[in-house]
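So the chains spell out like this:
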Amino acid sequence: DGGNLLAERLRRLGQRGGRGRDGRNQLKGLPADRWGEAGTGEGGQDRQYAVMVVASPVQPVYAASTYFGRLDGEAGFLRSPFEEEPLNQLSYLRFLETWRDPEPPSDRLRVPVEVSYLSTLAERYVAYRPGAIQPTVLRRQYSPFQYSFSAVSLMSTATPPDWGRAGDLSAEEEAALAGFLEVPLSGEIRQDFSAYLRQALGGAADKAGYAARIDTILRSFSSYQYELGFTDDTSVASLHRFLFESRRGDCTEFSNTAAILLRLAGVPSRVVTGYLASPELQSFAHLLGLLELREAIPELRRFPFEQLLLVTSAQRHSWVQAYLPSLGWIDLESTMHAIPPPPGQDPSDMDVVIPLIQGEQAEPPSFSFPWRAALLLLGALAALTVVG
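The structure presented is a predicted model; accordingly, all values stated were derived computationally and were not measured.

Visitor: I keep staring at unusual backbone geometry and nothing clicks. Help me out?
Guide: Only a minority of non-glycine residues have a phi that is not negative, and only a minority of peptide bonds are not trans. Put simply, Gln59 and Pro60 share a cis peptide bond, and its omega is 5 degrees. Each neighbour pair has its own omega, and for Ser143 with Pro144 the value is 10 degrees, a cis peptide bond. Tracing the sequence through the fold places Pro144 in the loop between strand 9 (137-138) and strand 10 (147-156). Non-glycine residue Asn25 carries a positive phi angle of around 55 degrees.

Visitor: What is the right way to read the environment of Val320 from this model?
Guide: Summarising the element assignment, Val320 is placed in strand 15 (residues 316-324). When its relative accessible area of 0% is taken as the criterion, Val320 is described as buried. Linking Val320 and Leu262, residues 58 residues apart in sequence, is a C-alpha distance of 9.6 Å. For Val320, the contacting residues outside a window of four places in its chain are Ser255, Ala258, Ala259, Leu262, Ser269, Arg270, Ile330, Asp331, Leu332 and Ser334.

Visitor: Got a minute to help me understand the pairing of strand 3 (residues 61-72) in this structure?
Guide: The two faces of a sheet get side chains in turn, since along a regular strand they alternate between them. Burial runs high along strand 3: nine of the 12 residues are buried. As defined by bridge partners, strand 3 adjoins strand 13 (residues 269-277) across seven bridges and the pair is classed as antiparallel. Its bridge partner lying in strand 13, Ala63 is registered against Tyr275. Of the pairings in the sheet, the one linking strand 3 to strand 7 (residues 126-127) comprises two bridges and is antiparallel in character. Each bridged residue has a counterpart across the sheet, and for Ala64 the counterpart in strand 7 is Val126. Of the strand pairs in this sheet, strand 3 and strand 4 (residues 76-79) are connected by four bridges, and their pairing is antiparallel. In the sheet register, Arg70 faces strand 4, and the bridge partner there is Leu78. The hairpin formed by strand 3 and strand 4 contains three residues between the paired strands.

What counts and how
Residues numbered from 1 in each chain as written. Predicted model: local features only at pLDDT ≥ 70, side-chain atom pairs only at ≥ 80, totals over all residues. Heavy atoms only, no water. Helix = DSSP H or I, 4+ residues; strand = E, 2+ residues; numbered from the N terminus. Buried < 20%, exposed > 50% of the residue type's maximum accessible area, 1.4 Å probe, protein only. Contact = heavy atoms within 4.5 Å. Pairing = 2+ DSSP bridges.

Honestly, it's all geometry; don't read function into it.
Right, dumping it as structure tokens:
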């Protein structure tokens, strides 16, 4: 599958054949013209396929595509309609010029950060909150990494101590965010979730501080097993089984369940899906893959190597956003306190597959009219006419 060719190129760069520890977490290559055969799925238990390269001076980057703000009593969280969440349009809109946020937030502790994306996917995945997005540029010579754009996001620098100083929701904020506090669960299901919350908070749900409630809910998952994957079933029944029976699940179960518990605790919340670009997820094979892609794609050499993050299919992610007074929507990692993935499911043990790109190809020559050939042809026709 191109692995031997890639190993030769890595040895030429002075690497050790692309091998991680114990022969696992190897870097493999697939010819670019065969990349469509691999797709961008999970890749199985032993492989993860390159999806995008993110360049950012601030890390990690929660690259979002879809926001789920409506909670249905049976189906679970639903995608927010465009009129409620305009950001849901940004993944697919075609821009003729740079898009700018018509209503930039007034949140405290946000700084503008320019993040560049080189992707195999036509959809945009942008860190919250985007303030400006450049039109996507198509560079077929780097296929499948052919979609390139950059965005300036107002990324939050708030830390847990800042959360504690944020205070409680004002009456105005509570009214404006009423839709993100709705919990339309049936009687018995609601009672179970509420009982879990009371137990997690020690029975003092009303007395615990706003930020303390958020932290306690996330820590309550410390005895739950985190498994690699991305489940499509996020129904309330599935979340109930996760919370009270299986106690094991992937990022979708953790994020959707945390969002319900946060709402019950009086914290506006929603679920977000996209990809997580994090230094903690960069294995040995990830770094080798970045070196290889950087050699083949000159555009990546504009950035310091430490700012580059290789994102794979295993990093498709779902997380929860909570609203904090004066700080706005904050990305929260709902699996941060969970039991790490069991052996064999750790992404650091999986092989990383990247496309073998030949590098920048010469531009096709510009067309010029063949005057010399035309004159010779006209001369020949004139001679034949005279002879005739």
